[in-house]
Amino acid sequence: MILEERPDGPGAGEDSNRLQDDSSIRKDCDSMLPEQPCQLQNQRARLHQQITKELRMRTGAENLYRATSNTWVRETVALELSFVNSNLQLLKEELAELSSSMDMDQPEGESVTIPMIPLGLKETKELDWATPLKELISEHFEEDGTSYETEIQELEDLRQATRTPSRDEVGLDLLAAYYSQLCFLDARFFSPARSPRLLFHWYDSLTGVPAQQQALAFEKGSVLFNIGALHTQIGARQDCSCTEGTIHATEAFQRAAGAFRLLRENFSHAPSLDMSTASLSMLEQLMVAQAQECIFKGLLLPASDTPDNCPAQLQLAQEAAQVAAEYRLVHRAMAQPPVQDYLPSSWTNLAHVKSEHFCALAHYHAAMALCEGSSADKGEVSRHIFQPSTTCEPQGPTASSIQKMPQHPEERRKLAKAHLKRAILGQEEALRLHTLCRVLRKVDLLQVVVTQALRCSLAKYSELEREDDFFEAVEAPNIQPKTHQAPEVKMPSLSQMKVTDLFHRLGPLSVFSTKNRWRLVGPVHMTRGEGGFGFTLRGDSPVLIAAVVPGGQAESAGLKEGDYIVSVNGRPCKWWKHVEVVAQLRGVGEGGVSLQVVSMLPSPEPRSTGPRRAALLWSQKECGFETAMPARARPWPILGWGRKTKQSKTGCHPDSCTNSNCVTCP
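Under an unreviewed UniProt entry, the name given to the protein is Rhophilin-1 isoform X1, and the organism recorded is Cricetulus griseus. What the UniProt record of the protein gives under Sequence similarities (unreviewed entry) is the line "Belongs to the RHPN family."

Spelled out as structure tokens, the structure:
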């Protein structure tokens, strides 16, 4: 199925695959690149195929179980289902171990913080750009394709470098530079009428299953996916024990969410599961939740120095409840089909563990606020953070949800004790969920964080415990989720990367692309007559013959209105300004001038197999390209799955000259 662009759009597997910061190790890894897909990805693909086979067997058994009324058959089918489900669980755990060996990334620094979930980069095979591009340049652009070997080699080197980008801003700039070049290639070489015969191979980031397409949009979308994935890896490596680390981590996860949203909102019929609408929606939610967690960690740093600050503890309680609510939404998205069928089970379990952990932290900080500070602080502020509902879902405070805070110290002690009890139960549940997943059991850091939180709750509970507490403890209300700094989904900053079109020598994109057809005329030798050369020039890069004087020198030489001048006296002038061409012509002596022009031909009808789809347009300025584009040039889509645009009408006569730049050459 071909990836298609939505008509209404605006515009982790074997994760890092052991991307090493050490340059010598990275060099060794580069030499092993051809073997990686054959080993790691093939193992994941094999496991995924076995899981798919078991799922089909389970579906058939379930259909038979529902259809039959024979008791013996139903018992046999039920037994078979139990075996299939057991095999499925084992296969999924094996795939999760293989896919998540680097997922629980250890952040920089020595602080003990709960781990994040980075996303693995999509891997790809080597691609031969040289053969199809040389052929296209020779046949369509009527130039020597071998003269562009330097540009093609630079393109291939750039693509090769993007397969192992460094996990920092340099790696992001590298991916953005290649993505910008793909925009240039899309505008120049790819059109419904004609495109290079290329086949792009990419491996699914979650399952390792290979996918291939001839559409350049698949290449562009995969690179954009890797930009988002690289942001997740950068965010997971930050040291959240300092304020600067939490700020950088929050920014990285917000930009990752923006990259996944851009893909989700504009494309459908993805050839790989990791780029499906359901997966991208889940990944966006996950990145927002992790950004919210980093915001909470940033607020926790100064508050830990003043544990008796009641307003600060109340704010932490609401912030922790907000993080818990975000992870609860993520867990629901991960548990929904079809995502649950191919997502690593360790991710789902970790999201569940975090939702329980932060919900327990919310009750712990609420208890700390009740135990410390003045009565005025408690009565004025904390009464607005409790709600009687049974979930931590975000909801606004209403008249019925606001609980009146007790003023008597003994009543506050009992309420704080009730919140600590819920905190203890929540942390114990988080530890239980942690032990259920074989992959998470190997993440010692996660167990350390949850265990530390549990010990703090137990210690505080022991301080509040009294020997004469014979009465039933009060029930602690839920904490109202609220954040003072909601994460902002930020689109990738591709416009900050300034690049130059590698195939700049072919000419301006407004004319010299596969969307247009032309005929090379000349060189034509002309001499100045009584009325000059007999034509009027207009525009820049390339300069257009706007009008031809009947009976003049230009008409005699075969030049026509609408031709573009591409050479003056053997010097290429596709990128010359209007004044430069006029200056050359005015300086011609009695020997005359030799001109070479291109005459535009009617564009062929595109080969269409379905209805036209609207294109996603990004202007050249938004993409950050340095190459100047004439005013008449049209922008190109940034992504454009299955894009079918209207053909430009450069073959028809241009409008009459109405600006001051028009010059009739003497």
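Participant: Before we move on, could you go through the pairing of strand β8 (residues 535-538) and cite the residues and values that matter?
Facilitator: Of the two faces of β8, the one holding Phe535 and Leu537 and the one holding Thr536 and Arg538 are both buried throughout. One ladder, built from 4 bridges, connects β8 with strand β9 (residues 543-548); its direction is antiparallel. Residue pairing for β9: Thr536 is matched across the bridge by Ala547.

Participant: Explain the side chain of Thr514 to me, and be specific about the residues and the numbers.
Facilitator: Note on placement: Thr514 falls in the loop between β6 (478-479) and β7 (517-526). Only 3.1 Å separates the side chain of Thr514 from the side chain of Ser191, close enough to count as a polar contact. Apart from residues no more than four positions distant in its own chain, Thr514 is found in contact with Leu136, His140, Phe141, Arg188, Phe189, Phe190, Ser191, Ala193 and Arg194.

Participant: Residue-level account of the packing of helix α4 (residues 130-139) against helix α5 (residues 149-162), with values.
Facilitator: Here α4 crosses α5 at 145 degrees, and the two axes come no closer than 10 Å. Two packed elements cross with a definite hand, and for α4 against α5 that hand is right-handed. Between α4, through Ala130, Leu133 and Lys134, and α5, the contact on the second element is made entirely by Glu149, Ile152, Leu155 and Glu156. Counted by class, the contact of α4 with α5 contains 4 nonpolar, no polar and 3 charged residues.

Participant: So what's going on with the nonpolar core? Which residues, and what values?
Facilitator: Of all hydrophobic cores here, the largest spans 114 residues; its most connected members are Trp129, Leu185, Phe189, Trp347 and Phe503. No other element matches helix α6 (residues 169-189), which puts 12 residues into this core. With 21 residues, the next largest nonpolar core counts Val524, Val568, Leu585 and Val597 among its residues.

Participant: Can you tell me about the environment of Leu301, naming the residues and giving the values?
Facilitator: Looking at the element boundaries, Leu301 is found in helix α9 (residues 277-303). Spatially, the C-alpha atoms of Leu301 and Cys242 are 7.3 Å apart, while their sequence positions differ by 59 residues.

Participant: Let's hear about the packing of helix α8 (residues 243-266) against α9: which residues, and what values?
Facilitator: Two packed helices can be described by the angle between their axes and the distance between those axes. Where α8 meets α9, the closest approach of the two axes is 8 Å, and the angle between their N-to-C directions is 165 degrees. With respect to their mutual orientation, α8 and α9 come out roughly antiparallel. The two elements α8 and α9 cross, and the hand of that crossing is left-handed. Counted by class, the contact of α8 with α9 contains 14 nonpolar, 8 polar and 4 charged residues.

Participant: Give a detailed account of the pattern of salt bridges, specifying residues and quantitative values.
Facilitator: Tallying each qualifying case throughout the model produces 19 salt bridges. The partner of Lys354 in a salt bridge is Glu293, and the shortest N-O contact between them spans 2.9 Å. Of this pair, Lys354 sits in helix α12 (residues 345-371) while Glu293 sits in helix α9, and the two are 61 residues apart along the sequence. Here the two residues Lys354 and Glu293 agree in accessibility, since each one is buried. Between Glu429 and Arg432 there is a salt bridge, with its nearest N and O atoms 2.7 Å apart. Highlighted residues: Glu429 and Arg432, both in helix α14 (residues 409-436), separated by 3 residues, approximately one helical turn. Taking relative accessible area as the criterion, Arg432 reaches 41% and is therefore assigned partly exposed.

Participant: Please give an account of the packing of aromatic side chains that cites residues and values.
Facilitator: Taken as a whole and judged by the stated rule, the model has 10 aromatic pairs. Each ring, one from Tyr327 and one from Phe358, has its centre 6.3 Å from the other, and the planes form 10 degrees; the classification is stacked. Placement of the pair is Tyr327 in helix α10 (residues 310-334) and Phe358 in helix α12, with a sequence separation of 31 residues. Just as Tyr327 is buried, Phe358 falls in that class too. Centre to centre, the rings of Phe512 and Trp518 are 5.3 Å apart; their planes meet at 80 degrees, and the pair counts as edge-to-face. The buried category is assigned to Phe512, whose relative accessible area is 1%. Positioned above the aromatic ring of Phe225, the side-chain terminus of Lys122 is 5.7 Å from the ring centre. A cation over a ring is seen here: Lys574 above Phe512, with NZ or CZ 4.5 Å from the ring centre.

Rules and cut-offs
One numbering rule holds for all chains: residues counted from 1, following each sequence as written. For a predicted model such as this one, the threshold for reporting local features is a pLDDT of at least 70, and the threshold for listing and counting side-chain atom pairs is 80 or more; totals across whole chains, interfaces and linings nevertheless cover every residue. Excluded from the side-chain calculation are hydrogens and water; included are all heavy atoms of the structure. UniProt positions are given in the numbering used here, feature names are shortened, and annotations may be inferred rather than shown by experiment. Remark: exposure states derive from per-residue accessible area (1.4 Å probe, protein chains only) relative to the maximum for the residue type, with buried under 20%, exposed over 50%, and partly exposed in between. Helix and strand definitions here come from DSSP, where helices need a minimum of 4 consecutive H or I residues and strands a minimum of 2 consecutive E residues; each element is numbered from the N-terminal end. In this analysis, strands are considered paired if DSSP registers two or more bridges between them. Definition of a polar contact: a pair of N or O atoms within 3.5 Å, with one able to donate and the other able to accept a hydrogen when the atoms are protein atoms, and with sequence-neighbouring residues admitted only if both atoms are side-chain atoms. Contacts were defined at the residue level, with two residues in contact if any of their heavy atoms lie within 4.5 Å. Axes, fitted as lines to C-alpha atoms, cover a helix only where it is in contact. Angles between the N-to-C directions of the axes lie from 0 to 180 degrees. The crossing is said to be left-handed when, going from far helix to near helix, the turn is anticlockwise and less than a right angle, and right-handed when the turn is clockwise. Polarity classes work like this: nonpolar for Ala, Val, Leu, Ile, Met, Phe, Trp, Tyr, Cys and Pro, charged for Asp, Glu, Lys and Arg, and polar for all others, with Gly in that last group. Here, the term nonpolar core denotes a set of buried Ala, Val, Leu, Ile, Met, Phe, Trp, Tyr and Cys residues that are joined through side-chain atoms within 4.5 Å. Each angle gets one of four labels, with under 35 degrees taken as roughly parallel, over 145 as roughly antiparallel, 65 to 115 as roughly perpendicular, and the rest as oblique. The term salt bridge refers to a pairing of a side-chain nitrogen on Lys or Arg with a carboxyl oxygen on Asp or Glu at a separation within 4 Å. Ring pairs shown here join Phe, Tyr and Trp side chains whose ring centres sit within 6.5 Å, with only the six-membered ring taken for Trp; geometry is labelled stacked below 30 degrees between planes, edge-to-face above 60, and tilted in between. Counting as a charge over the ring demands two things of the Lys NZ or Arg CZ atom: a distance within 6 Å of the ring centre and an angle within 35 degrees of the ring normal.

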